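A look at the structure
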Amino acid sequence: MAPGARTVLLLALIGLAALYAGWFIDDRHWLAAQLVFTAPPLALAIALRMGWRKAGFWASVLALGWFSHGVMSAWSHAETRLLAWLAISLSLLVIFAGSLPGLRARFSRKQR
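Attention here is on the structure that accompanies the text. Quick caveat, the model's predicted, so the values are computed rather than measured. (Residues numbered from 1 in each chain as written. Predicted model: local features only at pLDDT ≥ 70, side-chain atom pairs only at ≥ 80, totals over all residues. Heavy atoms only, no water.)

**Considerations on helix α1 (residues 3–23)**
Between its first and last C-alpha, α1 extends 30 Å over 21 residues, near the 30 Å set by a 1.5 Å rise per residue. Here α1 has its buried residues at Ala5, Leu9, Leu10, Ala12, Leu13, Leu16, Ala17, Leu19, Tyr20 and Trp23. Buried residues in α1 make contact with α2 (30–50), α3 (55–76) and α4 (81–107). (Helix = DSSP H or I, 4+ residues; strand = E, 2+ residues; numbered from the N terminus. Expected span 1.5 Å × (residues − 1). Buried < 20%, exposed > 50% of the residue type's maximum accessible area, 1.4 Å probe, protein only. Contact = heavy atoms within 4.5 Å.)

**Re the nonpolar core**
Leu9, Leu13, Leu16, Tyr20, Trp23, Trp66 and Val94 are the most contacted members of the largest nonpolar core, which totals 27 residues. Listed by contribution, the elements that provide at least two residues to this core are α1, α2, α3 and α4. It is α1 that provides the largest number of residues to this core, a total of eight residues. With residues near it in sequence (within four places) discarded, tyrosine 20 still touches Gln34, Phe37, Thr38, Trp66, His69 and Ala87. (Core = buried A, V, L, I, M, F, W, Y, C linked by side-chain atoms within 4.5 Å.)

**Overview of the side chain of threonine 80**
Relative to the elements of secondary structure, threonine 80 occurs in the loop between α3 and α4. A polar atom in the side chain of threonine 80 sits 3.0 Å from the side chain of serine 73. Threonine 80 has contacts with Trp23 and Ser73, leaving out every residue within four places of it along the chain. (Polar contact = N/O pair within 3.5 Å; in protein donor to acceptor, adjacent residues only side chain to side chain.)

**What to know about α2**
The terminal C-alpha atoms of α2 lie 28 Å apart, and with 21 residues this matches the ideal 30 Å at 1.5 Å per residue to within 8%. The largest bend in α2 comes to about 40°, at alanine 39, with the proline proline 40 one to four residues further on. If you check which residues of α2 are buried, you get Ala33, Gln34, Phe37, Thr38, Pro41, Leu44, Ala45, Ala47 and Leu48. Buried residues along α2 sit against α1 and α3. Following α2 by one or two positions, glycine 51 adopts a phi angle in the positive range, close to 100°. (Bend = angle between axes of the 7 residues up to and from the residue.)

Pasting the structure below:
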């Protein structure tokens, strides 16, 4: 993974973890919310930092769920609309940064 895409992915994952930690700080089911929403992007950021090669792929896969949650929350809860749009933006950034190396490999000119 290119250093630029890796840095963007790492910062987006940390941003998502911080966003969800703050979003659900006063939730009635705090521990469950932290395990479901905060722990995965944080664990993937740590795995990415440690050099796990599949961290980008799994971050992109899980970002589809974070994106869906953001869309549902933005649509149905006016009081959390700003947080939801932030989650949507960060999850799209995770998907793009995690998919960029594969897209480059797929669509680059092949040298013979």
